[in-house]
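Summary of the model geometry
Residue strings, one per chain:
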Amino acid sequence: MLDRQREPDADEGLNLRPPAVVMDLERLGTLHPYRLSFMRSLIRKIGRENWQIARADHGLDPRGHGHVIYKIRTPRQLFSFVAFAKHLEPESRSDRVIAEDWDMTATLCEGEVDAVRLERLRANVPLQENGRVDATCLVLSRANKSVRNFDYVVDCLCEGVQPSVDILAKVGYLYRTTAVYGSGKFGLADWRKVHSEYPDFSRPFMAEMLVCYLIRQFSLDQAEHIAHHRTGGRHAPLDPALKRYIGIGNATGLGMAPYLINHPLLINRWVEARETALARMLRDGVFDERRFERFCGIARQAIQHLEEIATDNLDQNAINDRTRHELTLLLSRIETGTPPSSWQEIMDLAEDTVGTEARELASSIMMELHPELVDDLENRLCEDEDYRLVPEMPLDELRRVIEDRYDWALAYDFEQDDARATFWYRSEEKMEPRLGVRGQEPGEDREMMLGIAYAVQQCHTDLVRFPAAADSTSVAAFVIAHPEHRRILRRIQTMAQTRYGEIRANLLDGQVLPIHLLRCKLSFFGVGKFDPRSRLWVRNTMFQGAPLPEELGGPGQDEWYFPVKPQFA
């Protein structure tokens, strides 16, 4: 439950970690889901407010093709989740955003869906980008089956047996989303409307997360539906523990990476909330035997969770093995050595003995121990992004701001051969962000402004050279002389008022690893079980272990962190 009794100045004097530590790109690429991740926040909200989620219209044929409507009744409004399923030839099944056919497509919309509205949605939702919905729809999505798992589960149920949890664990889901659109795309309600008119979804990505949760439910319902019709009702229902263990897959590529760079004010909010939660825990968290034992118990579960992750990516396996080994070492030291007397002591020990990923994982575990110190921060995750130029700022002050707040950007040597070898652009043919090799591949003329460090350095160079006369000592005069720097100046002046937000990396470097950006954003969503397919895209699993709709609001509904295989007698 949210702690509504905290005083506004309760965070005064908190020892927040410095941005030089927190905003390092490699560190951001080690983050795990934590208590304020959007999926966890959504499930708590649904349970706390007693939302009612039920299948209202079942229009699937015996093969599982057709439509399904789920009604979502909140204390304020009624929403409908409408899913369409069809037969898809194997050669048409693709994770790429440019695909034109999917096993299922769906939308989340306001209110009831009558026959007329259903047909209008049926004519547009399966077309995705090539169709059009109206502003009563909040989210548009699509997903493909994991054929290996889906057919296996249906076959098992038809034979009257439960699928093997070991086989399920190799993938972890029956369907995998390939896009979840919101914020005004293709006629959808834009964020301003969602935030103001649909308060149930006024926190970042709440509507999108609900759609992913309901696609997971659809996948379970569809599998049982097919088994029922194939056997005349003699199938075995899927065990609830296995249902909970099955998540919804997701394929994420470069399209997600620019978001972190283009929305630094929002990212500042997310990171600051996480750092505030950790700092509160270290300063105000009660260290007692019960909480210490719970910390150790969750750590052991996290170790098992890492051990059970299946991926063919050798680098990710090495990362998981190292993190598991280091967390085991940390746990052994605090359980068998001199007993710690505070959470800070444990964090100091982690800082001295284990690597970055194990330290950040320990931080995530720690934040589970005092919900009353953490959960109110859910209300701080939004930001009305406004990047303003301050024309009256003296140039001397601007120069000090850049040299103080962007010293990391000025430290790069862009004369090095590899320093600007990469450029980012949006492919007109593929309709997705891409990386190009500067001077060798086309698209440089459509470069996206993701090289923040380079832009800052170029601005600073011209600022130092600017002949500041008595009547030209303000930013206004500099911008008139150098209009090409207007955009980066707005960013610099705005972000100078924040603590975090700027990711400290040269994204133009030839060796840049965009997967760090992907994992960072996905950790805030609440995504676990990363399965990198290259340095540019990753498969992952969402809502694994989450309670089923009929269990929301029940005991333990918020304890689905670090999911592990269910045990059967």
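Residues numbered from 1 in each chain as written. Predicted model: local features only at pLDDT ≥ 70, side-chain atom pairs only at ≥ 80, totals over all residues. Heavy atoms only, no water.

Our next topic: the environment of glycine 64. Here glycine 64 shows up in the loop between strand 1 (52-60) and strand 2 (66-73). Under the relative-accessibility criterion, glycine 64 is labelled buried at 0%. In this view, glycine 64 contacts Ala85, Gln222, His225 and Ile226; residues no more than four positions away in its chain are not counted. (Helix = DSSP H or I, 4+ residues; strand = E, 2+ residues; numbered from the N terminus. Buried < 20%, exposed > 50% of the residue type's maximum accessible area, 1.4 Å probe, protein only. Contact = heavy atoms within 4.5 Å.)

Bringing helix 19 (residues 452-465) into the picture now. In a regular helix each residue adds 1.5 Å, so 14 residues correspond to 20 Å; helix 19 covers 20 Å between its end C-alpha atoms and thus fits that length. Buried within helix 19 we find Ile452, Ala453, Ala455, Val456, Gln457, Cys459, His460, Asp462 and Leu463. Looking at the buried side of helix 19, the elements it contacts are helix 10 (257-262), helix 17 (395-405), helix 18 (407-410), helix 20 (475-481) and helix 21 (486-495). (Expected span 1.5 Å × (residues − 1).)

A separate point is the pairing of strand 3 (residues 78-85). Within a regular strand, the side chains alternate between the two sheet faces. In terms of burial, strand 3 is a largely internal element, 8 of the 8 residues being buried. Side-chain alternation along strand 3 places Leu78, Ser80, Val82 and Phe84 on one buried face and Phe79, Phe81, Ala83 and Ala85 on a second face that is also buried. Of the pairings in the sheet, the one linking strand 2 to strand 3 comprises 8 bridges and is antiparallel in character. Paired with valine 68 across the two strands is alanine 83, which belongs to strand 3. (Pairing = 2+ DSSP bridges.)

Of note, proline 126 is situated in the loop between helix 4 (115-124) and strand 5 (137-145). For proline 126, a relative accessible area of 25% translates into the label partly exposed. Distance from proline 126 to glutamine 458, taken between C-alpha atoms, is 46 Å for residues 332 residues apart in sequence. Among all residues touching proline 126, those that are not within four sequence positions of it are Phe84, Trp102, Thr105 and Leu121.

Next up on the list: helix 3 (residues 38-49). In this model helix 3 runs 16 Å from its N-terminal to its C-terminal C-alpha over 12 residues, within 8% of the 16 Å that 1.5 Å per residue would give. Within helix 3, the full set of buried residues consists of Phe38, Met39, Arg40, Ser41, Leu42, Ile43, Arg44, Lys45, Ile46, Gly47 and Glu49. Elements in contact with the buried residues of helix 3: strand 1, helix 8 (206-231), helix 11 (264-284), helix 22 (515-525) and strand 11 (538-542). Residue asparagine 50 follows helix 3 closely and has a positive phi angle near 55 degrees.

Honestly, that's just the spatial picture; any functional story needs more than this.
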